[in-house]
Amino acid sequence: MSQIEQQLKANRERHLQELKNYLAIPSVSALSEHKEDTRKAAEWTAEQLKTIGLEHVEIMETNGHPVVYGDWLHASDKPTVLIYGHYDVQPVDPLELWETPPFEASIRDNKIYARGATDDKGQTFMHIKALETLMHVNGELPINVKVMIEGEEEVGSPNLDAFVDTYKEKLQSDVLVISDTTMIEKGKPTVCYGLRGLAGLQVDLKGAKGDLHSGLYGGGVQNPLHALTKLLASMHDEKGKITVDGFYDGVIALTDEERRAYDALNFDELALTKELDVPELYGEDGYSFLERTWVRPTLEMNGMHGGFQGEGVKTVLPSEASAKISCRLVPGQDPDDILEKLYAHIEAHTPAGVTVKTTPFDKGKPFLTPYDHPAIQAAGDALESVYNEKTAYTRMGGSLPIAETFSEILDVPIVLMGFGLPSENFHAPNEHFHLENFDQGLRAICNYYTRVADLDLD
């Protein structure tokens, strides 16, 4: 690794300047005014893959933003690694909260600030530079590599399932590596082996044909706000358990080994309480915070609307009320099945005097790779050798639907090897990436691909 480290050190300033150039492209996939910018980011990515020596590089069209592909397949009898990342970024609003322009990357306090710095241009770029470094030092790669970088992750990857299914032979590999997650805390290397799935919906209740005077009609006509709060309250008991019939059917219980591993992380719940400025934590009875947020399903109210929202008082019975609900799902649960159970619960518990309409939102299945899989353990060993700190093997409470897509269509183990930190403001103003993780992460990725070369992944 000494030659690799020397090469990384010698090229650090060039790498950072190239990353700044990448971050300067406003590839906001959600906004039509940035359609050409998003394609420009795809072109920039493709040019980088060609420059570092990958072959068969192409910009592959979808019904939305394109996918960039490239490969290097000359490592005879060695495993093939598929690297996934995304070049699109979130919108920057509210712009006035940024301390520096979001698409003019700046470095301060050994952090690089820009939209996409950590999610996911910075982390994707690290894999490109790691491959470049291995190629330069050794004249070849120790493994076979396929790189697939998309431009629609921040809008839910609507075209990715069809793309992966169409090109499943082209994408076939022995292991998939994604760096689009976080470390559990600063200085603590982390490999994530499972993510929760997602099922969301909106509930709209309709009462009278229009808003009514609360003095003339109050107490005689159902108030949709009252009905909505009663309906939502019926979905949990007083100890945080979800009361939707059949919601927990099929949930795979946490193993004793996993529970011991989580306990060994010594997560400080009191410190989190203080950080969040809440009186106490809350959730399903009988589980720790990590267990509640990693391995247990949830049903959360994300927003409610109804009635007068302006300054002062307006004494009306609103004619409508609505709520947005999201469920995080765990292995053993299917989003379509959960939505059907929610529909049945809503129908059975909607109070009299209103009609109800439900509209489904994003959904995605959970995924899990056994954390003792050799590709997972090799990632942990590579991180530990660089950070000189025992690797944490975790699940995450968030959802990455594309991970389940790859797992189901390609039947490939997935290594989530992230270098971001939870505090780096991804999706928020002043997004940034700690450069110590940029530096150590590059070394760890090079180390990992060298280790993968010796694995038997058949």
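Remember, it's a predicted structure, so these values are computed and weren't measured experimentally.

The rules we used
- Residues numbered from 1 in each chain as written.
- Predicted model: local features only at pLDDT ≥ 70, side-chain atom pairs only at ≥ 80, totals over all residues.
- Heavy atoms only, no water.
- Helix = DSSP H or I, 4+ residues; strand = E, 2+ residues; numbered from the N terminus.
- Rg over C-alpha atoms; globule rule 2.2 N^0.38 Å.
- Contact = heavy atoms within 4.5 Å.
- Areas by Shrake-Rupley, 256 points an atom, 1.4 Å probe, with all protein chains shown as cover.
- Lys, Arg positive; Asp, Glu negative; His and termini not counted.
- Charge placed at Lys NZ, Arg CZ, Asp CG, Glu CD.
- Buried < 20%, exposed > 50% of the residue type's maximum accessible area, 1.4 Å probe, protein only.
- Pairing = 2+ DSSP bridges.
- Axes fitted to C-alpha atoms, helices over the stretch in contact; angles between N-to-C directions.
- Expected span 1.5 Å × (residues − 1).
- Phe/Tyr/Trp six-rings, centres within 6.5 Å; stacked < 30°, edge-to-face > 60°.
- Salt bridge = Lys/Arg side-chain N within 4 Å of Asp/Glu carboxyl O.
- 1 Å grid on protein atoms, 1.4 Å probe; cavity = no way out; pocket = protein on both sides within 12 Å on 5 of 7 lines; lining within 4 Å.
- Points joined across faces, edges and corners; volume = space filled by probe spheres on them.
- Nonpolar A, V, L, I, M, F, W, Y, C, P; charged D, E, K, R; others polar.
- Core = buried A, V, L, I, M, F, W, Y, C linked by side-chain atoms within 4.5 Å.
- Polar contact = N/O pair within 3.5 Å; in protein donor to acceptor, adjacent residues only side chain to side chain.

Participant: Explain the overall build of the protein here, please?
Facilitator: Along its length, the protein carries 15 helices and 18 strands. Taking 2.2 N^0.38 as the reference for a compact globule, 458 residues should give roughly 23 Å; the C-alpha atoms of the protein span a radius of gyration of 24 Å, in line with that estimate. Judged by the C-alpha coordinates and their principal axes, the protein covers about 85 × 50 × 45 Å. Within the protein, contacts between residues at least 6 apart in sequence are counted, and of these 80% link residues at least 24 apart. As displayed, the protein offers around 20700 Å² of accessible surface, 48% of which is attributable to carbon and sulfur atoms. Counting 41 positive and 74 negative side-chain charges, the protein places the centres of these two groups 2 Å from one another.

Participant: Sorry if this is basic, but what is going on with unusual backbone geometry here?
Facilitator: Working note: non-glycine residues mostly have negative phi, and peptide bonds are mostly trans. In this structure, the amide linkage connecting Asp-93 to the following residue, Pro-94, adopts the cis form with an omega of -5°. You can see Pro-94 is positioned in the loop between β3 (80–86) and β4 (106–108). Omega for the bond connecting Asp-119 with Asp-120 falls within 30 degrees of zero, at -5°, which places this linkage in the cis form. Note that Asp-120 resides in the loop between β5 (111–113) and α4 (121–138). With phi around 65°, Asp-77 is a residue other than glycine that occupies positive phi space. With respect to the helices, strands and loops of the structure, Asp-77 is situated in the loop between β2 (67–72) and β3. On the basis of relative accessibility, which here comes to 80%, the residue Asp-77 falls in the exposed class. Residues other than glycine seldom take positive phi values, yet Asp-411 does so here, at roughly 50°. Summarising the element assignment, Asp-411 is placed in the loop between α14 (401–410) and β17 (414–416).

Participant: Any chance you could explain the sheet that holds β5 here in plain terms?
Facilitator: Strand pairing in a sheet relies on backbone hydrogen bonds, with the paired strands running either antiparallel or parallel. Read across the sheet, three strands follow the order β4-β5-β18 without closing on themselves; strand pairing throughout is antiparallel. A single partner strand is all that each edge strand has here, and the edge strands are β4 and β18 (432–434). On average, each strand axis in the sheet is tilted by 25° relative to the strand beside it, whichever way the strands run. In this sheet, β18 lies alongside β5 in antiparallel orientation, the contact comprising three bridges. Its bridge partner being in β18, Tyr-113 is matched across the sheet by His-432.

Participant: Is there a simple way to think about helix α3 (residues 35–51) in this case?
Facilitator: Note: α-helices contain 3.6 residues per turn, so residues at a spacing of three or four share the same orientation. Taking 1.5 Å as the rise per residue, α3 with 17 residues should run 24 Å; its terminal C-alpha atoms sit 25 Å apart, in good agreement. Buried within α3 are the following residues: Thr-38, Ala-41, Ala-42, Trp-44, Thr-45, Ala-46, Gln-48 and Leu-49. Buried residues belonging to α3 abut α2 (12–23), β1 (55–60), β2, α4 and β6 (144–150). The positive-phi residue at the C-terminal boundary of α3 is Gly-53, with phi of around 110°.

Participant: Help me out: how do you make sense of the packing of aromatic side chains in this one?
Facilitator: The geometry of two aromatic rings is summed up by the distance between their centres and the angle between their planes. Enumeration according to the criterion identifies 10 aromatic pairs in this entry. Ring centres 6.4 Å apart and planes at 40° place the aromatic pair Trp-44 and Phe-125 in the tilted group. Residue Trp-44 is located in helix α3, and its partner Phe-125 is located in helix α4; the two are separated by 81 residues in the primary sequence. Across the pair, exposure class does not vary: Trp-44 and Phe-125 are buried alike.

Participant: Teacher, can you tell me more about the pattern of salt bridges here?
Facilitator: Any two side chains of opposite charge can pair if their charged atoms end up close together. Summed over all chains, the structure comprises 22 salt bridges. A salt bridge links Lys-129 to Glu-18; the shortest N-O distance between them is 2.8 Å. Placement of the pair is Lys-129 in helix α4 and Glu-18 in helix α2, with a sequence separation of 111 residues. An identical accessibility class is assigned to Lys-129 and Glu-18; each is buried. The shortest N-O distance in the salt bridge between Arg-39 and Glu-61 comes to 2.7 Å. You can see Arg-39 sitting in helix α3 and its partner Glu-61 sitting in the loop between β1 and β2, a full 22 residues away along the chain. Judged by its relative accessible area of 24%, Arg-39 is partly exposed. Beyond isolated ion pairs, a larger network of salt bridges with shared partners links Arg-14, Glu-18, Lys-129 and Glu-132.

Participant: Is there a simple way to think about the layout of surface pockets in this case?
Facilitator: Empty space left among the atoms is revealed by rolling a probe the size of a water molecule over them. Counted as a void, the second largest pocket has a volume near 410 Å³. Tyr-282, Gly-283, Glu-284, Thr-298 and Glu-300 are the residues nearest the centre of the second largest pocket, which is lined by 19 residues in total. Sorting the residues of the lining of the second largest pocket by element identifies α11 (289–294) and β11 (298–306) as the ones contributing at least two each. Broken down by class, the residue content of the lining of the second largest pocket amounts to seven nonpolar, five polar and seven charged.

Participant: So what exactly am I meant to see when it comes to the nonpolar core here?
Facilitator: For soluble globular proteins, nonpolar side chains are generally found buried alongside one another. Ranked by size, the top nonpolar core spans 73 residues in total, and within it Val-415, Phe-419, Phe-438, Tyr-448 and Tyr-449 carry the most contacts. Per-element accounting of this core gives the leading share, nine residues, to helix α15 (residues 435–452). Apart from the residues within four sequence positions on either side, Tyr-449 is in contact with Val-81, Ile-83, His-127, Leu-131, Leu-134, Pro-142, Ile-143 and Val-177. Judged by nonpolar contacts, the second largest core, of 26 residues, contains Leu-232, Val-244, Phe-247 and Leu-329.

Participant: Before we go on, may I ask you to explain the environment of Lys-363 in this structure?
Facilitator: Take Lys-363: it is sitting in strand β14 (residues 355–364). Judged by its relative accessible area of 45%, Lys-363 falls in the partly exposed class. Apart from the residues lying within four places of it in its own chain, the contact partners of Lys-363 are Leu-198, Ala-199, Pro-335, Asp-336 and Leu-339. Here Asp-336 takes part through its side chain, which lies 2.4 Å from a polar atom of the side chain of Lys-363.

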